[in-house]
Amino acid sequence: MRAVLMAGGSGTRLRPLTCDLPKPMVPILNRPIAEHIINLLKRHGIMEVIATLHYLPDVMRDYFQDGSDFGVQMTYAVEEDQPLGTAGCVKNIAELLDDTFLVISGDSITDFDLSAAIEFHKSKQSKATIVLTRVPNPIEFGVVITDEEMRIRRFLEKPSTSEIFSDTVNTGTYILDPSVLDYLPVNQESDFSKDLFPLLLKKDIPMYGYVAEGYWCDVGHLDAYREAQYDALAQKVKLEFAYEERVPGLWVGQNTHIDPTAKLETPVVIGSNCRIGPRVQIDAGTVIGDNVTVGADADLKRPILWNGAIVGEEAHLRACVIARGTRVDRRAHVLEGAVVGALSTVGEEAQISPCVRVWPSKKIESGATLNINLIWGTTAQRNLFGQRGVQGLANVDITPEFAVKFGAAYGSTLKPGSQVAVSRDQRSISRMVSRSLIAGLMSVGVHVQNLEATAIPLARTIVPTLSVAGGIHVRVHPDRPDYILIEIFDSQGINISKGKEKKIEGAYFKEDLRRAQIHEIGNVNYPTQVIDIYSTAFEKKLNSEAIRNSGSKLVIDYSYSVSGAVLPLLLAKFGCDAVVLNASLNQVALSANEREGLLTQLGHVVEALKGNFGAQISANGEQLILVDEAGMPFRGEMLTSLMVSVMLTANPRGTVVVPVHASSGVEQIARRHDSKVIRTKASPTALMEASQSYPNVVLGGSGDMGFIFPQLHPGFDAMFCVAKLIEMLTVQERSLAQIRGELPRVSHKSYTVRCPWTVKGALMRHLVETHSSDNLELIDGVKIINPLNDNWVLILPDAGEPLVHIYANSDDREWVDETLRKYRSYVQEFVENQQGAELSRAEPPVVEQSAC
């Protein structure tokens, strides 16, 4: 007799285990389900097996090949174009089935007596026999009713609770006469339970049910998968173990070393070529695959570890599934019901909460707590907040589900009944995220002042007038067009402190979320006169007479990305002639190359119109690049020096606030005006806080981040910067080209090196220990300075990525180039040495095979 092994299913309910495996190849006791089925067929004399394949067919073909290694003859039929269903795939191979044959599902574990079922089929002269079993809860299966002769009279596929009329269910194993396939259409999707069997019943063709005794488990979802593993280990089902039983209940493969101090409770399976370290605790029910390393003091309570897994020292695994090649680092916790897909990494002291699923090739950072499934993206971070708010791939990391929970977490840190202002840019993705944030805030009893699409400088100006506890702004990331950036600011419009960020992260990761009763749900209001309030503040902080008399002509490029072209309206009040380019909104953010093309266009237009200057405004009104009358751009460090120069010329003995990595040209300009320079951490929040807290600050920020004018509002404002520049150039009777010639000639370059999170701290410590403290500045990162001149090099860890930025600054270009090369090599060698040391510590000792 031939058997048809139905192995085409993708096993969506077993994801992430079946992302790179068909369901029949998922291991039970370290052998694929399909291998256990083939062993069952062999025991009952069935040696010819035809496997019908659709999803990842090569996995099964490569494993079994012609079947000779498994004592059977294997043939394969692949559904190339579309799945044909359980019956359609068998109809597809009808020419191979010229006698009574058996059909068996490729995703069940059973030890049924197939010989008895076949004998029953023959004795009844049945055309179709369904192998049945009795289960306590038949809702997930096809229910069958038979008469006293066991002839099937009625059945229902996966009934609801009210439709249950029997506990006898279809197991997906059938014994069929080839003639029944004549009732099926050719090359069409069809199903045994939904199509063929109802048709046979309708035509009164003899169809019987055989109630089999023994074990049966449909491995259709993750809970059933774990249950099947534990039942097999407890020998509730007759399966063949792949390894020698060393002592009762302990099966161990070849070349496996178990440290004598390890404690094992049986039953346990440990595969071949494994290393079990000192003092490891392995509880009953644990299944360990081949080539697995378990570090010292790890605690394994019934996990299922697939081949090639690595478990670090003191890791804790609780009734979870760790798929092929996954690494669980030191002191990490993976809790009950969690599943980690193949080739993933769980960082040191990270925790995966119960029943969370992690798709293959993902990384959970050291110290992170993962409470939700990690499907899209690549990394679960230990922190929500980076250097600049919360950011991630649009609709991948930053999803509606994430935003609702994040909004609820933020709202839970505020008093019930508090108010929060919410604003965004005009893109649809930002609208979606902001609405989800609003839903989360309302759910915890926080009221919302919805500013809708509003440039972020306007939002920061409005927030202090609304009596709100804080504000949220959502926009496409200024530097990464496929990312969303969510920023939270306090009641004064300043980005919240690290302490408040940690408080929100704690509520989010611990799911410590308040739930409001119906009458406490937050309300949404829509403030009016937003532009009028900003316009009034804008005008008060300018020398309107100077601007009116300037006769300035300027060109403003909005690069399709700024919410509300407010600036031309404001400048028109002062009689300025402003030509606007690209003010319509593009839902797809521009790439860097596209933005450069628009900047070139801006330069040509300024030159052609004989304008005073041009400005390309971006980052929803926060950042800008200037173009002088000759079409030459000012950006980065040159733009920083320009703004410092014009502001200190107008405000001698004033104070400017710049990030730690800004060029020494700032100090050189400040010395000309007897002024003071404050350097801060390289974060927007640090710049905002310092600009508000130090006296006599006239300017904060940098060309890369934007500029702060503390008298107006605490945030970056490119629009006010343009208006202020018109005023300064008019009063000082200077042009941008003239100022360019007056700026200090400083060489300032940077280079970025990849550096794993786990190495950053050691690198910073090593730099501090190997350089004289007299030459160090530790505002942010490690800055090595020469006190005799303005030469310095800064090694600055990136706050959001596994990177280190190296900055070199000097009046001497050759010194900068040489220093960058020197420290780039220094950092790269240090990283390589640290990673080499980690690998050597992780490698298991080479030992001879040892008995337990």
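Here, the structure is the one placed above.
Attention in this report is confined to the structure presented alongside it.

Analysis parameters
- Within each chain, residues carry numbers counting from 1 in the order of the written sequence.
- Since the coordinates come from a predicted model, pLDDT governs what is reported: local features require at least 70, and pairs of side-chain atoms require 80 or more to be given and counted, while whole-chain, interface and lining totals use all residues.
- With hydrogens and water excluded, all non-hydrogen atoms of the structure serve as input to the side-chain values.
- Secondary structure elements follow DSSP: runs of H or I of four or more residues count as helices, runs of E of two or more count as strands, with numbering from the N terminus.
- Exposure categories follow from relative accessible area, calculated using a 1.4 Å probe and restricted to protein chains: below 20% of the type maximum is buried, above 50% is exposed, and the middle band is partly exposed.
- We call two residues in contact when some of their heavy atoms are within 4.5 Å.
- Note on areas: these come from Shrake-Rupley sampling with a 1.4 Å probe, and a residue is covered only by the protein chains present in the view.
- Charge assignment in this entry is limited to Lys and Arg as positive and Asp and Glu as negative, and neither His nor the chain termini are counted.
- We put the charge of a Lys on NZ, of an Arg on CZ, of an Asp on CG and of a Glu on CD.
- Any carboxyl oxygen of Asp or Glu within 4 Å of a side-chain nitrogen of Lys or Arg constitutes a salt bridge here.
- Under this scheme, a helix contributes an axis fitted over its contacting stretch, all axes are lines through C-alpha atoms, and angles between N-to-C directions fall in the 0 to 180 degree range.
- Under this scheme an angle from 65 to 115 degrees is roughly perpendicular, one under 35 degrees roughly parallel, and one over 145 degrees roughly antiparallel; angles in between are oblique.
- Definitions for this section: a left-handed crossing has its near helix turned counterclockwise from the far helix by less than a right angle. A right-handed crossing has that turn clockwise.
- Note that Gly is not counted as nonpolar here; it falls among the polar residues with everything else outside the nonpolar set of Ala, Val, Leu, Ile, Met, Phe, Trp, Tyr, Cys and Pro and the charged set of Asp, Glu, Lys and Arg.
- Strands pair, by our definition, only if DSSP identifies at least two bridges between them.
- Here the term cavity refers to a set of points on a 1 Å grid, laid over the protein atoms alone, in which a 1.4 Å probe fits but cannot get out; the term pocket refers to an open set having protein on both sides within 12 Å along at least five of seven lines, with lining residues being those that place an atom within 4 Å of a point.
- Grid points are joined across faces, edges and corners, and a volume is the space filled by probe spheres set on the points.
- Each Phe, Tyr or Trp ring, with Trp reduced to its six-membered ring, pairs with another whose centre is within 6.5 Å; inter-plane angles below 30 degrees give stacked pairs, above 60 give edge-to-face pairs, and intermediate values give tilted ones.
- Any Lys NZ or Arg CZ found within 6 Å of a ring centre and within 35 degrees of that ring's normal is scored as a charge over the ring.

## A few points about the overall build of the protein
Logical step 1: Helix and strand counts for the protein stand at 21 helices and 56 strands.
Logical step 2: Residues counted as buried form 57% of the 852 residues belonging to the protein.
Logical step 3: Summarising the internal contacts of the protein: among those between residues at least 6 apart in sequence, 59% fall at separations of at least 24.
Logical step 4: Accessible surface for the protein amounts to roughly 35200 Å². Of this, 47% is attributable to carbon and sulfur atoms.
Logical step 5: On the protein, the mean spot of the 83 positive side-chain charges and the mean spot of the 101 negative ones are 5 Å from each other.

## Points about the pattern of salt bridges
Logical step 1: Following the criterion strictly, the structure yields 43 salt bridges and no others.
Logical step 2: Between E777 and K783 there is a salt bridge whose closest N-O contact spans 3.6 Å.
Logical step 3: If you follow the salt bridges from partner to partner, you end up with E313, E314, R330, R331 and E349 in one network.

## Thoughts on the packing of helix α15 (residues 636–650) against helix α18 (residues 718–732)
When two helices pack together, their arrangement is given by the angle between the helix axes and by the axis-to-axis distance.
Logical step 1: Viewed as axis vectors pointing N to C, α15 and α18 meet at an angle of 55°, and their least axial separation amounts to 10 Å. The orientation of α15 relative to α18 falls into the category oblique. When the axes of α15 and α18 are compared, the crossing they make is left-handed. Only C721, K724, L725, M728 and Q732 of α18 make contact with α15, whose side of the interface consists of M643, V646, M647, T649 and A650.
Logical step 2: Broken down by class, the residue content of the contact of α15 with α18 amounts to seven nonpolar, two polar and one charged.

## As for the sheet that holds strand β26 (residues 316–318)
Logical step 1: As summarised here, the arrangement of the seven strands in space is β17-β20-β23-β26-β29-β32-β35, forming an open sheet in which the pairing is parallel. Sheet topology places β17 (263–264) and β35 (369–370) at the edges, where each strand pairs with a single neighbour.
Logical step 2: Here strand β32 (residues 351–352) pairs with β35 via two bridges, running parallel. Along β35, the bridge assignment pairs Q351 with T369.

## As for empty space enclosed by the protein
Logical step 1: Under the definition given, this model contains two cavities of 30 Å³ or more.
Logical step 2: Looking at the largest cavity, the residues that line it are F385, G389, E487, I488, N495, I496, E501 and T685.
Logical step 3: Taken together, the residues that form the lining of the largest cavity break down as three nonpolar, three polar and two charged.
Logical step 4: Roughly 30 Å³ of volume is contained in the second largest cavity.
Logical step 5: As for the second largest cavity, its lining consists of L84, G88, K91, N92, P185, N187 and Q188.
Logical step 6: Within the lining of the second largest cavity, the residues separate by chemical class into two nonpolar, four polar and one charged.

## Some remarks on the sheet that holds strand β40 (residues 470–476)
Logical step 1: The strand order across the open sheet formed by six strands is β37-β41-β40-β38-β39-β42, and the pairing between neighbours is mixed. Here the strands that pair on one side only, and so sit at the sheet edges, are β37 (390–393) and β42 (524–525).
Logical step 2: The pairing of β37 with strand β41 (residues 483–490) spans four bridges and is classified as antiparallel. Bridged to G392 within β41 is I484.
Logical step 3: Docked against the sheet, helix α8 (residues 428–443) engages β38 (419–424), β39 (447–453), β40, β41 and β42, running at close to 155° with respect to β40.

## Let's talk about the pairing of strand β50 (residues 697–702)
Logical step 1: Among the six residues that make up β50, six are buried, leaving the element largely enclosed by the rest of the structure.
Logical step 2: As defined by bridge partners, strand β48 (residues 655–659) adjoins β50 across three bridges and the pair is classed as parallel. Note on β50: the bridge partner recorded for V656 is L699.
Logical step 3: The pairing of β50 with strand β51 (residues 706–708) spans three bridges and is classified as antiparallel. From the neighbouring strand, G701 faces β51, where its bridge partner is F707.
Logical step 4: What sits between the antiparallel neighbours β50 and β51 is a turn of three residues.

## Thoughts on the packing of aromatic side chains
Logical step 1: Under the counting rule described, the total for this entry stands at 18 aromatic pairs.
Logical step 2: Note on Y63 and F64: the rings are 4.9 Å apart at their centroids and 80° apart in plane angle, and the pair reads as edge-to-face.
Logical step 3: Under the relative-accessibility criterion, Y63 is labelled partly exposed at 35%.
Logical step 4: Arranged with centres 5.1 Å apart and planes meeting at 70°, the rings of F709 and F720 form a pair that is edge-to-face. Here F709 is found in the loop between β51 and α18, whereas its partner F720 is found in helix α18, with 11 residues between them in sequence.
Logical step 5: For F720, a relative accessible area of 2% gives the class buried.
Logical step 6: These aromatic residues form a ring-pair network of at least three members: F385, F402, F406, Y508 and F509.
Logical step 7: Between R824 and the ring centre of Y751, over which it is positioned, the NZ or CZ distance is 4.7 Å.

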